Amino acid sequence: MEFYGLVDGTEISLRKFLQTLSGVDQIGAEARAAMLATRSIKTSAKNWAIDLAISMVDLTTLEGADTPGKVRALCNKAVRPDSTDSSVPSVGAICVYNDMVAIARKHLDSIGGSHVPVAAVSTAFPSGRASMAVKIQDTQDALDAGATEIDMVIDRGAFLSGQFQVVFDEIAKIRTLCGTKAHLKVILETGELVTYDNVRTASFIAMLAGADFIKTSTGKVSPAATPPVVLVMLEAVRDFHQLTNHKIGVKAAGGIRTTKDAIKQLVLVNETVGSQWLSPSLFRIGASALLNDLLMQRMKARDGFYPSPSYVSID
Amino acid sequence: MTDFDYAPALESRSIVTIESEYGHFINGEFVKGANHFPTINPSNEEVLSQIALGGAQDIDRAVASSRVAFESTWSKMPGKERGKYLYRIARIMQERSREFAVLESLDNGKPIRESRDIDIPLACAHFFYHAGWADKLEFAGVGSSPRPLGVAGQIIPWNFPLLMLAWKIAPALAAGNTVVLKPAETTSLTALLFAQVCQQAELPAGVVNIVTGDGRTGSALVDHPGIDKIAFTGSTQVGKAIARAIAPTKKKATLELGGKAANIVFDDAPVDECVEGIVNGIFFNQGHVCCAGSRLIVQESVAEEIVSKLKVRMSKIRVGDPLDKNTDLGAINSAEQLSKITALTKSGEDEGAMRWSPECALPKKGFWFAPTVFTGVTQAHRIAQEEIFGPVLSVLTFRTPQEAIEKANNTPYGLSAGVWSEKGSRIHWASQQLKAGVIWANTFNKFDPTSPFGGYKESGWGREGGSHGLTAYLKSAEEGGNNE
Amino acid sequence: MSDRIEVKKTYKLFIGGAFPRSESGRTYEVNDHKGGFLANPALASRKDLRDAVVIARTAHISWAKATAYNRGQILYRIAEMLEGRADQFASEISALDGISIKEALKEVHLSVDRLVWYAGWSDKLSALVGATNPVSGPYFNFSIPEPMGVVGAIATEKNSLLGFIDAIAPIIVSGNSVIVLASERAPLPAMSFAEVLATSDLPPGVCNILTGSKSELAPWFASHMDIDGLDITGVEHDLRADVKVAGAENLKRIHSFADGQSPARILSFMEIKTTWHPIGV
């Protein structure tokens, strides 16, 4: 059924649905996230979590200075994060601008990385300030170049001015465009939405309109994937699953730099939506520097002593 | 591994040194007791140490020591200097906080996360807060030249051993009183460690005396003619006995007693934070909390959603070794308390309420009780009336705000209550209607030294914390027969 | 000179704004200071007390909801009504206590002034003993004094009018309702005061007045489980321990006072309520 039978594509039905959502108490949400941050993940659990986190990384480069060489190097790292240890899993995906998609796809395929998907940021990333025609063309380019994941941004201006249906329609259109070719991740840019109430509302708009994933941030705005923001999004995903029996993924992107940060995210997932979401198909971490910290922690666990960054490749 | 199984993350107990036997702390020194009883780790029934059983003679010596310290030293010392002693104590407690936390969890059974993050820091905060009062008593609200009462006899419970000690001792000392404190029978160890802190702080001898023991020791303290003030936290039953015992005397009293707090959930509550508040309200400290939100009074229209989310959340509660940093729910403090909880929950089933607990493996040794919720509870049920003092929640429903308040107030207790709603005017309305000393609105079980705590009705007399708590240890210069 | 026969007043109880006789049908004889007969006021029973508590409980709920401004105005109105009938009270006091009319009038005026003093407290208590507490965390936390509920008072035998005012005014000004046992020896000014109350906009049931035997009724006040607080200023010292023991059953707040004019008399029958609320967006 279209839109899960919860809304019918009209503004009135969307507004009616959004009214049923409960509010989020900022202090309570932050207290819960802080409490979960005290979880102490040690030994075997930590080793397991590190490998899981590696497999969830959307290894990302989104710079004006990105070059084919840089992207290829990143692809190498994505497929075999630690060239000295073949037991390290590949990352969840490579995430690039749409003009780099073809380069990444081609290189991945040539190095035995065909299992690593390429994600393209889209819809006038990061600001989302462009006409719909441009956003569609942006997405179509990425799809044509072989992207199987589209990370679109929502129109925060529309959201903040109360035009929820505009936000919804854009997502629904991009969803149609992606069809079965690509997974759709919808970036809420929570740092610009500011309140958790907004994050919860935007999460539901995105899910109703057809997102496969809801994603915190572009990585260009701070704060990004703070634990309480991810908590609120996970709760939305959990509630949506309760409502529709559909599992929507969550991608925490921006600000997750250390193994400790990543494990905190996994704890949030585990204790909010449960272990079913502890898979790259339902939880991703958008990051670049994080991967090396995960690798170093992995070396420490394997070797029993602390490694030097000199032994981890910088790409 | 498919599930994220947290490997045990045990806090090291090597930081604490437990003597094989303890005496009383009288006049600045540890003195041998005549008889002893064991104190055990409730999570595995290991005997931790032998505690002295204080008798009338021990109380007598302690009171005499406190009297001398009061007359000769403490009440004469400028407030500024008393304050510095309290600062010292606070600092040393902070320095030794990990030690206190581990010892508290060992002796009490509470999770290390709570002793580490709540009990001990709050206990330190109480000393800091009251240190600042010591030289400002003329602004506390009992006139321009307030005086201390004299020797305070203080009896504390086993649910927050060190924190309750701090609630009692810090204001008493700041106001210029000296104290004889009796810790709870099952949880004396952190009080005895506190005695060492007093020594390290070079607190004058006799200002703090600690006599360990059981109910008989407590009675001897209450009945001692050399006591000017009783401060008691514990059961309402014992509180009433104390009130009777001191009726013919001039002794003043503050009593912090039982509760059966309502946690009211309106249909516009922030659901996830509310569920979290419900969990914190009743499962914090194994429900061994006088202000625990033990009656969930939820609007019928959202009851199903709330209860279903609550059950999901309850299934995430980690029950187990109190020293594991990931434990949420520790051990029940004693066999006696466990059997009381067991009996009351059985009555809940017998009276027809629906009982539910998540699947959770409880350790074989020690005293354990799974987090439990009863639905279909009505006001007439015993589990809706009596204080269970364990991890057991009763769920009742209401239709109108007035009905919620009526049910909430329909108890002889009046310690605390919770209200959950995103509507500000409704929060204030409910807060005003509730007959309880502490109202947590869109939160629960929050404590602070600046915030008065204490109950209406049979939940006790007086307040602890803030200036209101401080004045319970002061009298005005004019005060004679006034205000008996 | 008229030889008209005076119409004498029947002194009854004052419960819920009405003037009932004791359900027991009992009365007792009150004499002037020389032993001459003055009146047969009601000898209230424990059942009269029981009925008064039920009414007081209901009355407290709406009285506590009245604004502080309104409660103050009503107490001030009571003072106005008393002022207007000063002579009547003076003659009652004079007869009972054997003091001159001039002296008795002084007590009436003191009583009026005392009412005015307490009236002014209604809207200042929260500011005086309330607080906002700077807790360590993102919470707004405030403490305010609230009325306790139903409070009993055993009025002193001294100063039959002023002592009675001291027993009721501080209790009701905060929003409590009161059941007061008037001076046993000299209950007439208290019962005449009921007429003042009845014409002064005080909601029925907020102030209920019993006359009768202290030794008979004080224990029932003390043991009544729906009385929250008790002023035992009028209870003899040797009876106080028993009253306190009985009152322990519901942990009644029991106080006695040396001063008639003191904020402690108000605050002793209030509870501090502290409310926490998160501060967030």
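The annotation that UniProt attaches to chain B under Sequence similarities (unreviewed entry) is "Belongs to the aldehyde dehydrogenase family."

Going by what an unreviewed UniProt entry lists, chain A is known as deoxyribose-phosphate aldolase and is assigned to freshwater metagenome. Turning to chain A, the UniProt record has this under Catalytic activity (unreviewed entry): "2-deoxy-D-ribose 5-phosphate = D-glyceraldehyde 3-phosphate + acetaldehyde". The UniProt entry for chain A carries this comment under Sequence similarities (unreviewed entry): "Belongs to the DeoC/FbaB aldolase family. DeoC type 2 subfamily."

1. Things to note about the overall build of chain B
Regarding its fold elements, chain B presents 15 helices and 19 strands. For 484 residues, the compact-globule formula gives about 23 Å, and the C-alpha radius of gyration of chain B, at 22 Å, lands near that figure. Within the structure as shown, chain B displays about 16,200 Å² of accessible surface, and the carbon and sulfur contribution to it stands at 51%. Where the 49 positive side-chain charges of chain B centre and where its 54 negative ones centre are 4 Å apart.

2. Things to note about the side chain of Asn 108 of chain B
Locating Asn 108 of chain B in the fold gives a position in helix H3 (residues 97-108). Once you skip the residues sitting within four places of it in the chain, Asn 108 of chain B turns out to touch Pro 42, Trp 158, Asn 159, Pro 161, Thr 187, Asn 285, Gln 286, Ala 331 and Asn 333 of chain B.

3. A word on the UniProt feature "domain: Aldehyde dehydrogenase" (unreviewed entry) in chain B
In the numbering used here, UniProt assigns the "domain: Aldehyde dehydrogenase" (unreviewed entry) feature to residues 33-475 of chain B. Strand forms 17% of residues 33-475 of chain B and helix 42%; the C-alpha atoms that close the span are 35 Å apart.

4. Side note on the packing of aromatic side chains
Evaluation of the coordinates by the stated rule reveals 29 aromatic pairs over all chains. Look at Phe 159 of chain A and Phe 164 of chain A: their rings are 4.9 Å apart centre to centre, the planes differ by 40°, and that puts the pair in the tilted class. As far as the burial class goes, Phe 159 of chain A and Phe 164 of chain A line up, both buried. An angle of 65° between the planes, with centres 6.2 Å apart, marks the rings of Phe 204 of chain A and Phe 240 of chain A as edge-to-face. Of this pair, Phe 204 of chain A sits in helix H10 (residues 196-209) while Phe 240 of chain A is found in helix H11 (residues 227-244), placing the two residues 36 residues apart along the sequence. Of the two residues, Phe 204 of chain A and Phe 240 of chain A, neither departs from the other in class, the shared state being buried. Over the ring of Phe 266 of chain B we find Arg 426 of chain B; its NZ or CZ atom is 5.1 Å from the centre of that ring. One cation-aromatic arrangement involves Arg 46 of chain C over Trp 220 of chain C; the distance from NZ or CZ to the ring centre is 5.0 Å.

5. Considerations on unusual backbone geometry
Residues Phe 125 of chain A and Pro 126 of chain A are joined by a peptide bond in cis, for which omega reads 0°. That bond from Ser 222 of chain A to Pro 223 of chain A is cis: its omega, 0°, falls within 30 degrees of zero. Tracing the chain through its elements places Pro 223 of chain A in the loop between strand S6 (213-215) and H11. Of note in this structure, Tyr 4 of chain A is not a glycine but carries a positive phi near 60°. Following the sequence through the fold, Tyr 4 of chain A ends up in the segment before helix H1 (11-19). Note on Tyr 4 of chain A: relative accessible area 23%, which makes it partly exposed. Phi is positive for Glu 202 of chain B, which is not a glycine, with a value near 55°. Mapped onto the secondary structure, Glu 202 of chain B falls in the loop between helix H6 (189-200) and strand S8 (208-210).

6. Observations regarding the packing of helix H9 (residues 271-283) of chain B against helix H10 (residues 300-314) of chain B
Each packed pair of helices is defined by two parameters, the angle between the axes and the distance between the axes. All names here are of chain B. Between H9 and H10, the shortest axis-to-axis distance is 10 Å and the interhelical angle comes to 60°. Overall, the two elements H9 and H10 adopt an arrangement that is oblique. Classified by chirality, the crossing of H10 by H9 is right-handed. Contacts between H9 and H10 involve Val 271, Asp 272, Cys 274, Val 275, Glu 276, Ile 278, Val 279 and Phe 283 from the first element and Glu 305, Ile 306, Lys 309, Leu 310, Arg 313 and Met 314 from the second. Among the residues forming the contact of H9 with H10, the class breakdown is nine nonpolar, no polar and five charged.

7. Things to note about the interface of chain A and chain C
If you look at the interface, chain A gives four residues, while chain C gives six residues. Contact between chain A and chain C buries roughly 460 Å² in total, counting both sides, with carbon and sulfur atoms accounting for 65%. Each residue belonging to the side of chain A that touches chain C can be placed in one class, and the counts come to one nonpolar, two polar and one charged.

8. A word on the interface of chain B and chain C
Between chain B and chain C, the contact holds 43 residues from the first and 45 residues from the second. Of the roughly 3,400 Å² buried at the junction of chain B and chain C (both faces included), carbon and sulfur atoms supply 50%. The interface formed by chain B and chain C includes three salt bridges. Joining chain B to chain C, the criterion identifies 24 residue pairs in polar contact (both at pLDDT 80 or more).

9. Quick word on the domain arrangement of chain B
The accessible area lost on association of the parts is a frequent measure of interface size. Residue and element names in this part refer to chain B. Under the domain assignment, chain B is made up of domain 1 (13-257 + 458-475) and domain 2 (262-449). Each of domain 1 and domain 2 has a C-alpha centre, and the two are 29 Å apart. Facing the 37 residues of domain 1 at the interface are 32 residues of domain 2. When the two sides are added together, the surface that domain 1 and domain 2 hide from each other amounts to roughly 2,800 Å², 60% of it contributed by carbon and sulfur. Contact with domain 2 buries area across many residues of domain 1, yet Ser 43, Trp 158 and Ser 459 alone supply 18% of it, more than any other trio. At the surface where domain 1 touches domain 2, the tally comes to one salt bridge. Of the charged contacts in the structure, one is a salt bridge between Arg 113 and Asp 328, with a shortest N-O distance of 2.8 Å. Viewed at the interface, domain 2 and domain 1 are joined by 15 residue pairs in polar contact (both at pLDDT 80 or more). Here the element with the most residues in the side of domain 1 that touches domain 2 is helix H4 (residues 112-133); it accounts for nine residues.

The rules behind the values
Within any chain, residue numbers begin from 1 and follow the written order of that chain's sequence. Chain A is the first chain written and ligand 1 is the first ligand written, with later ones labelled in order. Only residues with pLDDT of 70 or above have their local features reported here, since the model is predicted, and side-chain atom pairs are shown and tallied only from 80 upward, although totals for entire chains, interfaces and linings are computed over all residues. The side-chain quantities take in all heavy atoms of the structure and omit both hydrogens and water. UniProt positions are given in the numbering used here, feature names are shortened, and annotations may be inferred rather than shown by experiment. The way it works is that DSSP assigns letters per residue, a run of H or I at least four long becomes a helix, a run of E at least two long becomes a strand, and they are numbered from the N terminus. As defined in this context, the radius of gyration uses C-alpha atoms, and a globule is described by 2.2 Å times the residue total to the power 0.38. Shrake-Rupley sampling with a 1.4 Å probe provides the accessible areas, and residues are treated as covered by the protein chains on show and by no other component. Counted charges follow a simple rule, with Lys and Arg positive, Asp and Glu negative, and His plus the chain ends left uncounted. In this description, the location of a charge corresponds to atom NZ of lysine, CZ of arginine, CG of aspartate or CD of glutamate. By the convention used here, residues are in contact when the closest approach between their heavy atoms is within 4.5 Å. For this analysis, a ring pair means two rings from Phe, Tyr or Trp (six-membered ring only for Trp) whose centres lie within 6.5 Å, classed as stacked if their planes differ by under 30 degrees, edge-to-face if by over 60, and tilted for the remaining angles. Only protein chains enter the accessibility calculation, which uses a 1.4 Å probe; a residue is then buried when its area is under 20% of its type maximum, exposed when over 50%, and partly exposed in between. In this scheme, the term charge over a ring applies when either NZ of a lysine or CZ of an arginine sits within 6 Å of the ring centre and within 35 degrees of the ring normal. A fitted line through C-alpha atoms represents every axis, and for helices the fit uses only the stretch in contact; the resulting angles, taken between N-to-C directions, go from 0 to 180 degrees. Every angle not falling under 35 degrees, over 145, or within 65 to 115 is termed oblique; those three ranges are roughly parallel, roughly antiparallel and roughly perpendicular. For any pair of crossing helices, the crossing counts as left-handed if the nearer helix is rotated counterclockwise from the farther one by less than a right angle, and right-handed if it is rotated clockwise. Under the convention adopted here, Pro, Cys and the residues Ala, Val, Leu, Ile, Met, Phe, Trp and Tyr are nonpolar, Asp, Glu, Lys and Arg are charged, and Gly plus all remaining residues are polar. By buried area we mean the combined loss of accessible area, with a 1.4 Å probe, across both parts when two parts are placed together. When a carboxyl oxygen of Asp or Glu is within 4 Å of a side-chain nitrogen of Lys or Arg, the pair counts as a salt bridge. Polar contact is the term for a pair of N or O atoms within 3.5 Å; when the atoms are in protein, one must be able to donate a hydrogen and the other to accept it, and sequence-neighboring residues count only if both atoms are side-chain atoms. The domain limits used here are those given by an automatic or database domain assignment.

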